[in-house]
Amino acid sequence: DAVAGYSLGGRVALAMKRLCSGSADLLDTKTKKSDEPLLISENTKLIVLGSNPGKLPNGEAVEDLIDTQREAKDYFLAESLLSSSLRSYLIPKSQDVEYLNSFLARWYGVKALWGDMRRRKPNVYSEMLKRRLENLSERRQDIAAVLYGCS
């Protein structure tokens, strides 16, 4: 079996492996009922793209600062998604869609991550944004929770 993840999904896969490896209760076959499936086993392979597990603080001021900045950005992004989710109950749908489109344009506008997809493949970009808008409007609280938990 294998778990695959890209970007944040890769960080989730790494966290699953770390939580469920070795002596974790989820793998403890002595206390586990025989008919309960394992979430992930020691033999589970990971396919991780565009992700890294981050670093544990090592006392190096520059590296610790970089990690702190990444965590702060993830926290800010999670807060933004969570607050927009709560705000969506109070504002007209058109304003919510406008916010989400703006959020997605900023996210997919990062050329270091996505290149210039909007210009190179406008039809693919447009279709992708439609799908992402649907997912984001329904799942932003879940995405925020993952960002809180995996950063």
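Structure report, in brief. What you see is a predicted model, and the numbers here were worked out from it, not measured in a lab. (Residues numbered from 1 in each chain as written. Predicted model: local features only at pLDDT ≥ 70, side-chain atom pairs only at ≥ 80, totals over all residues. Heavy atoms only, no water.)

### Concerning the pattern of salt bridges
Here comes step 1: Scanning the model with the defined rule gives six salt bridges in all.
Here comes step 2: The closest approach of N and O atoms between Arg11 and Asp74, which form a salt bridge, is 2.7 Å. In this pair, Arg11 sits in helix α1 (residues 8–19) while Asp74 sits in helix α2 (residues 61–87), placing the two residues 63 residues apart along the sequence. Accessibility assignment for this pair places Arg11 and Asp74 in one class, buried.
Here comes step 3: A salt bridge links Lys130 to Glu127, with the nearest nitrogen and oxygen atoms 3.1 Å apart. With Lys130 and Glu127 both in helix α6 (residues 122–150), this residue pair falls three residues apart, about one helical turn.
Here comes step 4: Among the ionic contacts, a cluster of salt bridges with common partners joins Arg11, Arg70 and Asp74. (Salt bridge = Lys/Arg side-chain N within 4 Å of Asp/Glu carboxyl O. Helix = DSSP H or I, 4+ residues; strand = E, 2+ residues; numbered from the N terminus. Buried < 20%, exposed > 50% of the residue type's maximum accessible area, 1.4 Å probe, protein only.)

### So, α6
Here comes step 1: Taking 1.5 Å per residue, 29 residues should reach 42 Å; α6 reaches only 32 Å between its end C-alpha atoms and comes up short.
Here comes step 2: Where α6 is concerned, the buried positions are Tyr125, Met128, Leu129, Leu133, Leu136, Arg140, Ala144 and Leu147. (Expected span 1.5 Å × (residues − 1).)

### Let's talk about the nonpolar core
Across soluble globular proteins, nonpolar side chains show a tendency to be buried alongside one another.
Here comes step 1: In this structure, Leu81, Phe103, Leu104, Tyr108, Tyr125, Leu136 and Leu147 are the most contacted members of the largest nonpolar core, which totals 18 residues.
Here comes step 2: Elements represented by at least two residues in this core include exactly α2, α3 (93–108) and α6.
Here comes step 3: Examining the composition of this core, we find that seven residues originate from one element, α6, more than from any other.
Here comes step 4: If we skip the residues at most four places from it in the chain, Leu81 touches Phe103, Leu136, Arg140, Ile143, Ala144 and Leu147. (Core = buried A, V, L, I, M, F, W, Y, C linked by side-chain atoms within 4.5 Å. Contact = heavy atoms within 4.5 Å.)

### Let's talk about the packing of α3 against α6
Here comes step 1: As a packed pair, α3 and α6 sit with axes 10 Å apart at the nearest point and diverge in direction by 120°. With respect to α6, the axis of α3 lies oblique. For the pair α3 and α6, the crossing hand works out as right-handed. Between α3 and α6, the contacting residues are Asp96, Val97, Leu100, Asn101, Phe103, Leu104, Ala105 and Tyr108 on the first element and Tyr125, Met128, Leu129, Arg132, Leu133, Leu136, Ser137 and Arg140 on the second. (Axes fitted to C-alpha atoms, helices over the stretch in contact; angles between N-to-C directions. Parallel < 35°, antiparallel > 145°, perpendicular 65-115°, else oblique. Left-handed = near helix turned anticlockwise from the far one by under 90°.)

### Quick word on α1
Here comes step 1: Compared with an ideal rise of 1.5 Å per residue, which puts 12 residues at 16 Å, α1 spans 16 Å between its outermost C-alpha atoms and is within 8% of the ideal.
Here comes step 2: Looking only at α1, the buried set comprises Leu8, Gly10, Arg11, Ala13, Ala15 and Lys17.

### Quick word on the packing of α1 against α6
Here comes step 1: The interhelical angle for the contact between α1 and α6, taken along N-to-C directions, is 55°, at an axis separation of 10 Å. Judged by the inter-axis angle, α1 sits oblique to α6. Two packed elements cross with a definite hand, and for α1 against α6 that hand is left-handed. Between α1 and α6, the contacting residues are Leu8, Arg11 and Val12 on the first element and Val146, Leu147 and Cys150 on the second.

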